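Read off the chains here:
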Amino acid sequence: TLVSILMVVTPQVAETLMFVYSADAYCLAMLLAVLAVYYIYKENSLKNNILAISFIVLTLSLYQAYISVIVSLCILLPIINLIQGEDWKNILKIVGKCLTIGIVGMMLYYGITLLILKLSNNGFSIYGGANNIGVSTIQNLIPETLNTYKTFYKYFFREDLIYNEFWCRDII
């Protein structure tokens, strides 16, 4: 019961449930992401690896943002194993398996997406400049990160953005 409560109150799930029209698909994507990691960590067999790759592809097909769930769990479990004193070689094998299956799953998803777009005679969405995300985004990463910190500072400690009543009244 505690795990269920913790799942429901996480910001990611709470935010997902705010969008009722897509909550079912997003929750299914999260389930598939967890199943992908489950099959990655289950005994090493071709069947389990194929299931893990399939679940990664299905997760990405429903909601690409939940790649973060897969990555988080794939990082968290080796850390837990390390704390429990498991051998380094086994942990490195698990991390390598996570990387390999994750990369294969993402490549397969991308290939299927390109195939479907080609067959349907469509291209990637140009809505909001989504087709231009890539190199320019990476090039602007450091300046935009610095801008985030500057804006945070201006918001809370200066009056450039808004008149900060709480700061001026010495409440904070």
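Residues numbered from 1 in each chain as written. Predicted model: local features only at pLDDT ≥ 70, side-chain atom pairs only at ≥ 80, totals over all residues. Heavy atoms only, no water.

Asker: Is there a simple way to think about the overall build of the protein chain in this case?
Answerer: On a plain count of helices and strands, the protein chain comes out with nine helices and zero strands. Reading the protein chain from its N terminus to its C terminus gives the helix and strand order α-α-α-α-α-α-α-α-α. The buried share of the protein chain, taken over its 172 residues, is 23%. Only carbon and sulfur atoms are counted for the fraction: they give 68% of the accessible area of the protein chain, which is about 12900 Å². (Helix = DSSP H or I, 4+ residues; strand = E, 2+ residues; numbered from the N terminus. Buried < 20%, exposed > 50% of the residue type's maximum accessible area, 1.4 Å probe, protein only. Areas by Shrake-Rupley, 256 points an atom, 1.4 Å probe, with all protein chains shown as cover.)

Asker: What is the right way to read the side chain of Asn49 from this model?
Answerer: With respect to the helices and strands, the residue Asn49 is situated in helix H4 (residues 46-62). Under the relative-accessibility criterion, Asn49 is labelled buried at 18%. Apart from residues lying up to four places away in sequence, Asn49 is in contact with Asn44, Lys97 and Ile101. (Contact = heavy atoms within 4.5 Å.)

Asker: How do you make sense of H4 when you look at a structure like this?
Answerer: Helical geometry note: an α-helix holds 3.6 residues per turn, so side chains three or four residues apart project in the same direction. With 17 residues, H4 ought to run about 24 Å at 1.5 Å a step, and its terminal C-alpha atoms sit 24 Å apart, in line with that. Restricting attention to buried positions, one finds in H4 the residues Asn48, Asn49, Ala52, Ile53, Phe55, Ile56, Val57, Thr59 and Leu60. Considering only its buried residues, H4 is in contact with helix H3 (20-41), helix H5 (67-83) and helix H6 (88-119). (Expected span 1.5 Å × (residues − 1).)

Asker: Explain the confidence of the model for the protein chain here, please?
Answerer: Interpretation of the predicted coordinates at a detailed level should be avoided for regions scoring low in pLDDT. Here the protein chain averages 83 in pLDDT, and 84% of its residues register 70 or above. Here helix H9 (residues 165-168) is the element of the protein chain with the lowest mean pLDDT, 56, and H4 is the one with the highest, 96. (pLDDT = per-residue confidence, 0-100.)

Asker: Teacher, can you tell me more about the environment of Cys27 here?
Answerer: By the element assignment, Cys27 lies in helix H3. Assessed through its relative accessible area of 37%, Cys27 is described here as partly exposed. Sequence-wise, Cys27 and Thr59 are 32 residues apart; in three dimensions their C-alpha atoms are separated by 10.0 Å. Once residues within four sequence positions are removed from consideration, Cys27 is found in contact with Thr16 and Leu17.

Asker: Got a minute to help me understand the packing of aromatic side chains in this structure?
Answerer: By convention here, two paired aromatic rings are described through the distance between centres and the angle between planes. Evaluated as defined, the whole model comprises four aromatic pairs. Taking 5.8 Å as the distance between ring centres and 35 degrees as the angle between the ring planes, the aromatic pair formed by Tyr39 and Phe55 counts as tilted. Linking Tyr39 in helix H3 with Phe55 in helix H4, this pair joins segments that are 16 residues apart in sequence. The class for Phe55 is buried, based on a relative accessible area of 15%. By way of ring pairs, the aromatic residues Tyr26, Tyr63 and Tyr66 are connected into one cluster. (Phe/Tyr/Trp six-rings, centres within 6.5 Å; stacked < 30°, edge-to-face > 60°.)

Asker: Teacher, can you tell me more about the nonpolar core here?
Answerer: Counting 25 residues, the largest nonpolar core has Ile40, Ile56, Tyr66, Ile70, Cys74 and Ile101 as the members making the most contacts within it. The element that contributes the greatest number of residues to this core is H3, accounting for nine residues. Ignoring anything within four residues of it in the chain, the contact list for Cys74 reads Val37, Ile40, Tyr41 and Cys98. (Core = buried A, V, L, I, M, F, W, Y, C linked by side-chain atoms within 4.5 Å.)

Asker: In this structure, what is going on with the environment of Leu73? I would like to understand it.
Answerer: Mapped onto the fold, Leu73 is located in helix H5. Taking the C-alpha atoms as reference points, Leu73 and Cys98, 25 residues apart in sequence, are found 9.9 Å from one another. The residues touching Leu73, leaving out its near neighbours within four places in the chain, are Val34, Val37, Tyr41 and Pro78.

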